[in-house]
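This is what each chain is made of:
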Amino acid sequence: MLEGAEFYFNVDHGYLEGLVRGCKASLLTQQDYINLVQCETLEDVKIHLQTTDYGNFLANETNPLTVSKIDTEMRKKLCREFEYFRNHSLEPLSTFFTYMTCSYMIDNVILLMNAALQKKSVKEILVKCHPLGRFTEMEAVNIAETPSDLFNAVLVETPLAPFFQDCMSENTLDELNIELLRNKLYKSYLEAFYKFCKNHGDVTAEIMCPILEFEADRRAFIITLNSFGTELSKDDRETLYPTCGKLYPEGLRLLAQAEDFDQMRRVAEHYGVYKPLFEAVGDGSGGKTLEDVFYEHEVQMNVLAFNRQFHYGVFYAYTKLKEQEMRNIVWIAECISQRHRTKINSYIPIL
Amino acid sequence: MGSLFRSETMCLAQLFLQSGTAYECLSALGEKGLVQFRDLNQNVSSFQRKFVGEVKRCEELERILAYLVQEINRADIPLPEGETSPPAPPLKQVLEMQEQLQKLEVELREVTKNKEKLRKNLLELIEYTHMLRVTKTFVKRNVEFEPTYEEFPPLENDSLLDYSCMQRLGAKLGFVSGLINQGKVEAFEKMLWRVCKGYTIVTYAELDEPLEDPETGEVIKWYVFLISFWGEQIGHKVKKICDCYHCHVYPYPNTAEERKEIQEGLNTRIQDLYTVLHKTEDYLRQVLCKAAESVYSHVIQVKKMKAIYHMLNMCSFDVTNKCLIAEVWCPEADLHDLRRALEDGSRESGATIPSFMNTIPTKETPPTLIRTNKFTEGFQNIVDAYGVGSYREVNPALFTIITFPFLFAVMFGDFGHGFVMFLFALLLVLNENHPRLKQSQEIMRMFFNGRYILLLMGLFSVYTGLIYNDCFSKSVNLFGSGWNVSAMYSSSHAPAERRRMVLWNDSVVRRSRVLQLDPSVPGVFQGPYPLGIDPIWNLATNRLTFLNSFKMKMSVILGIIHMTFGVILGIFNHLHFRKKFNIYLVSVPELLFMLCIFGYLIFMIVYKWLVYSAETSRVAPSILIEFINMFLFPASETNGLYAGQEHVQRLLLAVTALSVPVLFLGKPLFLLWLHNGRSCFGVSRSGYTLIRKDSEEEVSLLGSQDIEEGNNQMEDGCREMTCEEFNFGEILMTQVIHSIEYCLGCISNTASYLRLWALSLAHAQLSDVLWTMLVRVGLRVDTTYGVLLLLPVIALFAVLTIFILLIMEGLSAFLHAIRLHWVEFQNKFYVGAGTKFVPFSFRLLSSKFSDDVA
């Protein structure tokens, strides 16, 4: 790629960038959250959301309102926006969008496979699938019995195909293997996405690489955390770590050896970025969970992405911020509907 | 005129609405659209307000109505739009209406659901018959090999074993058949191949007629497919793949009799379904027709009701909770109507205690209301687009009505073009009640809203076109030119005169390419043309030089008059706002500054026009040089315009120079003096402090009194007293910046008015180019072909004239006229920091369906 994206960026992507910045301005503000938290019922939430950019997206819902209805409608709205961006995008932005959807596709495939394992009907699960990661072949996932089967029969023509290179095995699909498959897919997906952004260069690389590095490291931490006390061996664990993060290679090796949370924390302390994050984690009662801390950091990075112009990162950042906002609203709505007000304030504010 | 010159006086009124009658009162107010409500619950979030429940109910009704409208539209039943808008429903009727609507909705939903179900059923049956029909041909093709396997030649020795084996295989030979979306066929086949590794045979054929998709209702092309496969495992997979691609799978009959049987059964069922469906549809139509009659009035009523509750949400309750208190802005002229509306509302609801109002004094700036009619509206919009005028400020829209089209026309001066524009606008004005025009979209709407502006613009362009004597770039010789060419020939003069003058004779005329008319020769110039520019200039080679000089001077004169007028309007503002010191300290120095420099320039221009004639033109001094010399005091004396010019100029310059410091410092120092209790500067400190104390006491006294009054009137106390703090530095800075802007602006704005000249020049040149490039070419061709050529040429000329000269040039002139008004004219006096008065009026609600179906 030539240097100096600003010379030609707007020719192809100027309109979409303007659009996404406008959309970003419609994210809920601090004041909106304060008002939402004061709501007594879901109806109140609906009324308040009407005054925001969501408009009357719930107007056609029949009573009674439930959290899942709100969630689906919000997802639909995000999906509509995303589809619009995608349909109006040109290469290489459209490839970038494809990469963005891949993570949702992986989640959907894994969800469907789990469902097939538990002999649930596909229809029922399809509703739960994330609309951004929908694809036609998705429903045929339950035909497959081994990962290579899955690859050969179902996914060979989807964008997910290249990520399957490392996970072709003849193992039967039980719960553990599916989880391993998910992590391996994610690993190769993140690495591929990282490579794509790196090769694209320019501001996009400058913005997206740190975000993806963080994403990779977060996965490494979470995998480590989740593998404590399971039958996963340390070597296996190491193969699951995405290698495009800041932790690679030393940190990952150390993480693979970690046996409890304290050891993990010690690994993180070698890194200036993660040290404050782990320090912010409260222990046991009260305080934030590691997940929340990571989310907060992610939000921060995504908000900062809007400070630069002429790059694709804004699209990624916007989608992620919107997702966080949806999680927040769902959290608040859930707290309201379950009358569980003590924790209602632990949403993650978007700056 | 009075109402357009300044915005109307407003007063803040408190309405005490008895809680029982509040709804009716607001309904009456909304019909009249008299008042603007102030939000008294600003810090209460939207879902915590009093009437949230009622608003919710309205929204529920709106949802039902939107559903009804959607269904009615889908059934293609015309929606009658009422002429009159029904009043907001009385509270007693609301419940009834709600029940009625809900019942209707439930019924409708049920019927449509049934209908959809029937339709789906029917479509599926139709698909099935199509499938059977198409697959029959497949089987015919298959027949060739089918018998070979069924009547497999049994081998003698182990026929039994073989036969049973065949039986088993035969049992497992399965068929899946159905319909698939056209777009998915390829992927479907590929997937089948990959999953079943080729153990299937797929045959498919395109269905010749597109069918409706039972799920989405879309009409699309379908493919009928037949998959034959071996083995149960594969069968499962095939079925799953069919599910995945949303195929419509139907059972496949194995034998011909079965097929026939099914087909017959299907046909009868389809017949039955058709009749049932018809009946259902008829019923549905009846229900919808009945609903359509009242849906319009319901939509309007609910909208009004919702608006009323929104307004009620802005009111606060008094202590006893018995009445609502609303604060409204109301034009003083309408107070009487307001009282009557309240009485009407109370009477209607039959309340014992009537609602009433009283006005309260306030220090807040009221919103600006300028009543407009359809003629003045467009001009007011031009002004409002810059900024809504501050309360009671001089409204430039009144003058814009004339100056705007005039300045436009100066730039667009062409008789022909102006006339076309005038005709277009006249067409719009005469047909303004036509419904198509009223509902037109985007660009057409823009023209329609500005029709009166266009009308005046066209009219003024005709006038300036006559002055410039331009009609499609050609001059019109209406009164006969004032120049006489024959007088230039030497034969027409006495020999004694011939010597003095340069005259023409035959050889001169024959040899020279350009001939010069000399106005000083007697008889050549017979006096000015009665109106505008003499048409003879159209033939002259120095036409541009002549016109440029004229247009340049004209634009400077117009500009300076326009700006001076702006400054004078400022005086009216100062008089009205009782800031007389502003007149002496700001407006008068500004006027002096402007007039002493640029007013004098105008004087010189006019003086030169009047004093110098054709004979003395050679000794006429250049205005430019004179004007520059006015500032530079050159050593060498030129022969000026008139005697004593130098002294006059020095005097003017001195006045200009003196007015600048007054402009810079006068107002701040005066305000400082006022603030310091009118004591003189430099008086002993003690006196100054004493007086200051006094005034402070006075102020505090006044303040407490005010506060007490405020307490008496009402408790919520949301009216804050903004006591202006005196900050000398700030005032000085503002005034200095304003003065610098003004002084520099005088020069740059005057130059800015030269765009009048530039644009009119560009317009004239462009139309000239169009003429020479097109029509002249067409006219030059000899007569036989010329006729054929002229037709397309004139068509092209007309199209280019309309698009380039009328629309493009018109827009550019429009833009520049707007700029001259906003920047050059309005910055002399117009603040434009007001807020518009937005009355609570039902008329502002849209009365169309299109908005609520979205």
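Residues numbered from 1 in each chain as written. Chains lettered and ligands numbered in written order. Predicted model: local features only at pLDDT ≥ 70, side-chain atom pairs only at ≥ 80, totals over all residues. Heavy atoms only, no water.

Looking up chain B in an unreviewed UniProt entry gives the name V-type proton ATPase subunit a, with the organism given as Enhydra lutris kenyoni. The Subcellular location (unreviewed entry) field of the UniProt record for chain B holds the comment "Membrane". Taken verbatim from the UniProt record of chain B, the Sequence similarities (unreviewed entry) comment is "Belongs to the V-ATPase 116 kDa subunit family." (UniProt positions renumbered as here; feature names shortened; annotations may be inferred.)

Going by what an unreviewed UniProt entry lists, chain A is known as V-type proton ATPase subunit and is assigned to Enhydra lutris kenyoni.

A. Structural detail: the overall build of chain A. When you go through chain A residue by residue, the secondary structure sums to 15 helices and zero strands. Taking all 351 residues of chain A together, the buried fraction comes to 55%. A fraction of 65% describes how many contacts in chain A between residues 6 or more apart in sequence connect residues 24 or more apart. Carbon and sulfur atoms form 52% of the exposed surface of chain A, whose accessible area is close to 15900 Å². (Helix = DSSP H or I, 4+ residues; strand = E, 2+ residues; numbered from the N terminus. Buried < 20%, exposed > 50% of the residue type's maximum accessible area, 1.4 Å probe, protein only. Contact = heavy atoms within 4.5 Å. Areas by Shrake-Rupley, 256 points an atom, 1.4 Å probe, with all protein chains shown as cover.)

B. Representation of a negative patch on the surface in the model. Residues and elements named next belong to chain B. Taken together, the side chains of Glu257, Glu258, Glu261 and Glu264 make up a negatively charged region of the molecular surface. Structurally, Glu258 is set in helix α9 (residues 256–312). What makes Glu258 partly exposed here is its relative accessible area of 35%. (Patch = residues over 30% accessible without salt bridge, like charges linked within 9 Å, V, L, I, M, F, W, Y side chains within 5 Å. Salt bridge = Lys/Arg side-chain N within 4 Å of Asp/Glu carboxyl O. Lys, Arg positive; Asp, Glu negative; His and termini not counted. Charge placed at Lys NZ, Arg CZ, Asp CG, Glu CD.)

C. Layout of the UniProt feature "coiled-coil region" (unreviewed entry) in chain B. Summarizing the sequence annotation, UniProt attributes the feature "coiled-coil region" (unreviewed entry) to residues 94–128 of chain B in the numbering used throughout. Along residues 94–128 of chain B one finds 100% helix and 0% strand; the C-alpha atoms at either end are 50 Å apart.

D. Quick look at the packing of helix α3 (residues 42–51) of chain A against helix α3 (residues 52–74) of chain B. For the pair α3 of chain A and α3 of chain B, interaxial distance at closest approach is 12 Å and the crossing angle is 75 degrees. As judged from the angle between their axes, α3 of chain A and α3 of chain B are roughly perpendicular. Residues Glu43, Asp44, Ile47 and Gln50 of chain A of α3 of chain A touch α3 of chain B, and the partners they reach there are Val52, Lys56 and Glu59 of chain B. Residues that form the contact of α3 of chain A with α3 of chain B fall into these classes: two nonpolar, one polar and four charged. (Axes fitted to C-alpha atoms, helices over the stretch in contact; angles between N-to-C directions. Parallel < 35°, antiparallel > 145°, perpendicular 65-115°, else oblique. Nonpolar A, V, L, I, M, F, W, Y, C, P; charged D, E, K, R; others polar.)

E. Main features of the layout of surface pockets. Residues and elements named next belong to chain B. Taken as a whole, the second largest pocket encloses approximately 2000 Å³ of empty space. Lining the second largest pocket are 44 residues, and of these Trp483, Pro519, Trp537, Asn542 and Phe546 lie nearest its centre. For the lining of the second largest pocket, the secondary-structure elements that each account for two or more residues are α19 (543–576) and α20 (580–611). Considering each element in turn, the lining of the second largest pocket owes the most residues, five residues, to α19. (1 Å grid on protein atoms, 1.4 Å probe; cavity = no way out; pocket = protein on both sides within 12 Å on 5 of 7 lines; lining within 4 Å. Points joined across faces, edges and corners; volume = space filled by probe spheres on them.)

F. Broad picture of the interface of chain B and chain A. Each partner contributes residues to the interface: chain B has 21 residues there, and chain A has 25 residues. Roughly 1900 Å² is buried in total at the junction of chain B and chain A, and carbon and sulfur atoms are behind 57% of that figure. Seen at the junction of chain B and chain A, the total is zero residue pairs in polar contact (both at pLDDT 80 or more). Looking at the side of chain B that touches chain A, the elements that each hand over two or more residues are α3, α7 (185–196) and α8 (232–244) of chain B. Tallied by class, the residues present in the side of chain B that touches chain A amount to seven nonpolar, four polar and 10 charged. (Buried area = accessible area lost by both parts, 1.4 Å probe. Polar contact = N/O pair within 3.5 Å; in protein donor to acceptor, adjacent residues only side chain to side chain.)

G. Structural view of the nonpolar core. In this structure, Phe96, Leu150, Phe193 and Phe315 of chain A together with Phe188 of chain B are the most contacted members of the largest nonpolar core, which totals 148 residues. A total of 14 residues in this core trace back to one element, the largest contributor, which is helix α5 (residues 93–117) of chain A. In this structure Phe193 of chain A touches Phe96, Tyr99, Met100, Met208, Leu212 and Tyr316 of chain A, once residues within four positions along its chain are discounted. Among the nonpolar cores identified, the runner-up in size contains 74 residues, and Phe5, Val556, Ile557 and Ile560 of chain B belong to it. (Core = buried A, V, L, I, M, F, W, Y, C linked by side-chain atoms within 4.5 Å.)

H. Geometry of the UniProt feature "transmembrane region" (unreviewed entry) in chain B. Residue and element names in this part refer to chain B. Here, the residues flagged by UniProt with the feature "transmembrane region" (unreviewed entry) are residues 406–430, 451–468, 554–572, 584–607, 651–674 and 785–808. For residues 406–430, the helix share is 88%, the strand share is 0%, and the end-to-end C-alpha distance is 23 Å. Helix makes up 100% of residues 785–808 and strand 0%. Its end C-alpha atoms lie 33 Å apart.

I. How the structure looks around the confidence of the model for chain B. Residues and elements named next belong to chain B. For chain B, the average pLDDT comes to 81, and 87% of its residues sit at 70 or higher. Note that pLDDT drops below 50 for residues 143–171; the model gives that stretch 10 contacts with residues more than four away or on any other chain. Per-residue pLDDT stays below 50 along residues 681–723; that stretch engages in 23 contacts with residues further than four places along the chain or on separate chains. For this predicted complex, the interface score ipTM comes out at 0.73, alongside a pTM of 0.69. (pLDDT = per-residue confidence, 0-100.)

J. How the structure looks around the packing of aromatic side chains. Enumeration according to the criterion identifies 59 aromatic pairs over all chains in this entry. Judged by centre distance (4.8 Å) and plane angle (20 degrees), the ring pair of Tyr33 of chain A and Tyr347 of chain A falls under stacked. Taken as a pair, Tyr33 of chain A in helix α2 (residues 30–37) and Tyr347 of chain A in the segment after α15 (313–337) lie far apart in primary sequence, 314 residues in all. Since its relative accessible area comes to 0%, Tyr33 of chain A is described here as buried. Look at Tyr347 of chain A and you get buried, because its relative accessible area is 11%. Taken together, a centroid distance of 5.9 Å and an interplanar angle of 85 degrees make the contact between Trp771 of chain B and Phe797 of chain B edge-to-face. Here Trp771 of chain B, found in helix α25 (residues 755–780), pairs with Phe797 of chain B, found in helix α26 (residues 783–825); they are 26 residues apart in sequence, far enough to count as distant. Across the pair, exposure class does not vary: Trp771 of chain B and Phe797 of chain B are buried alike. One aromatic cluster in this structure is built from Phe9, Phe96, Tyr99, Phe163, Tyr186, Tyr189, Phe193, Phe196, Phe310, Tyr312 and Tyr316 of chain A. One cation-aromatic arrangement involves Arg219 of chain A over Tyr186 of chain A; the distance from NZ or CZ to the ring centre is 3.8 Å. (Phe/Tyr/Trp six-rings, centres within 6.5 Å; stacked < 30°, edge-to-face > 60°. Lys NZ or Arg CZ within 6 Å of the ring centre and 35° of its normal.)

K. Inspection of the pairing of strand β1 (residues 10–18) of chain B at higher detail. Residues and elements named next belong to chain B. Counting buried positions along β1 yields nine of nine residues, so the element is predominantly enclosed. The alternating pattern of β1 places Met10, Leu12, Gln14, Phe16 and Gln18 on one face and Cys11, Ala13, Leu15 and Leu17 on the opposite face, and all of these are buried. With nine bridges connecting them, β1 and strand β10 (residues 323–331) associate as antiparallel partners. Paired with Phe16 across the strands is Ile325, a residue of β10. (Pairing = 2+ DSSP bridges.)

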